[in-house]
Amino acid sequence: MKCFHANDISKDALDILMDQESNISHVFSGLLESLSEDEQQRVASMRPPKASKKAKAASCHGIQLQYLKSCQADLFPCSARATNCLKHPGQSCPLFFPIDEEADGVPPLRINFSGPMCTPWTSQGMQLGDADPSMESFHLWVLKMANSSLDLVYLENSDKFPWELFRNNMEQNGPWQCLRVVFSAEERVGEREGTRMRVQ
């Protein structure tokens, strides 16, 4: 198994990923920073104004998504490269595992494991849903995945995450088959006389 690419914005997470023992080929900072400076500014200009109400913030994120969809083929080609790789400062590094890289003549199984922010949907967060600031990074990630030539994409999140947000963006952009699996999904969503309701 080879870890080709990792992405995070947390300093602590990046420190771990950059550890020599991690053996990761490329470590990138934020998803937005993987775009050109012009595109970064354009996407950032569509963010909700500070102190926006929930409906206004959700609307702004929706506008961001429509823009990203309109130019996704240019923003997220399989040959995409970026200069925000922390392991190779200033160099243009590939965002995807090279298609032609094989081991003993056998094409590798290329997989992405990702866990976008779950706090917009869980009882542990503010439950802002699609009004949460993290929707920007989710939209960047899901369109990047949808336009990739990866074999499998795993999205880990709360059981309350609206599945259609992932499925629709994936299936509209290629021959993806999306499956939803819930493992041990139990959350204290309501209590009555000491009993716990179970989310299945």
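Residues numbered from 1 in each chain as written. Predicted model: local features only at pLDDT ≥ 70, side-chain atom pairs only at ≥ 80, totals over all residues. Heavy atoms only, no water.

Note that F138 resides in helix α5 (residues 135–146). Sequence-wise, F138 and L65 are 73 residues apart; in three dimensions their C-alpha atoms are separated by 9.7 Å. Contact partners of F138, with chain neighbours within four places excluded, come to P116, F161, L165 and F166. (Helix = DSSP H or I, 4+ residues; strand = E, 2+ residues; numbered from the N terminus. Contact = heavy atoms within 4.5 Å.)

Orientation of α5 relative to helix α6 (residues 163–171), taken along the N-to-C sense of each, is 35°, at an axis distance of 8 Å. Like other packed secondary-structure pairs, α5 and α6 cross with a definite hand, here right-handed. Contacts between α5 and α6 involve M135, F138, W141, V142, L143, M145 and A146 on the former and, on the latter, L165, F166, N169 and M170. When the residues that make up the contact of α5 with α6 are grouped by side-chain class, the tally is 10 nonpolar, one polar and no charged. (Axes fitted to C-alpha atoms, helices over the stretch in contact; angles between N-to-C directions. Left-handed = near helix turned anticlockwise from the far one by under 90°. Nonpolar A, V, L, I, M, F, W, Y, C, P; charged D, E, K, R; others polar.)

Another aspect to go through is empty space enclosed by the protein. Going through the model one piece at a time under the given rule, you end up with one cavity of 30 Å³ or more. Roughly 50 Å³ of volume is contained in the largest cavity. Around the largest cavity sit P116, M117, P120, W121, S134, M135, S137, F138, N157 and F161, which together line it. Counted by class, the lining of the largest cavity contains seven nonpolar, three polar and no charged residues. (1 Å grid on protein atoms, 1.4 Å probe; cavity = no way out; pocket = protein on both sides within 12 Å on 5 of 7 lines; lining within 4 Å. Points joined across faces, edges and corners; volume = space filled by probe spheres on them.)

What follows concerns the confidence of the model for the protein. Predicted confidence across the protein gives a mean pLDDT of 85, with 88% of residues reaching 70 or more. In the model, residues 187–200 has pLDDT below 50 throughout and makes 18 contacts with residues more than four positions away in sequence or in other chains. (pLDDT = per-residue confidence, 0-100.)

This brings us to the pairing of strand β2 (residues 24–28). Counting buried residues along β2, four of its five residues qualify, which places the element largely inside the surrounding structure. Sheet topology places strand β1 (residues 3–7) next to β2; four bridges connect them, and they run parallel. Directly across from A6, in β2, lies its bridge partner V27. Handedness of the crossover joining β1 and β2 through helix α1 (residues 11–18): right-handed. (Buried < 20%, exposed > 50% of the residue type's maximum accessible area, 1.4 Å probe, protein only. Pairing = 2+ DSSP bridges. Right-handed = clockwise from strand over helix to strand, strands pointing away.)

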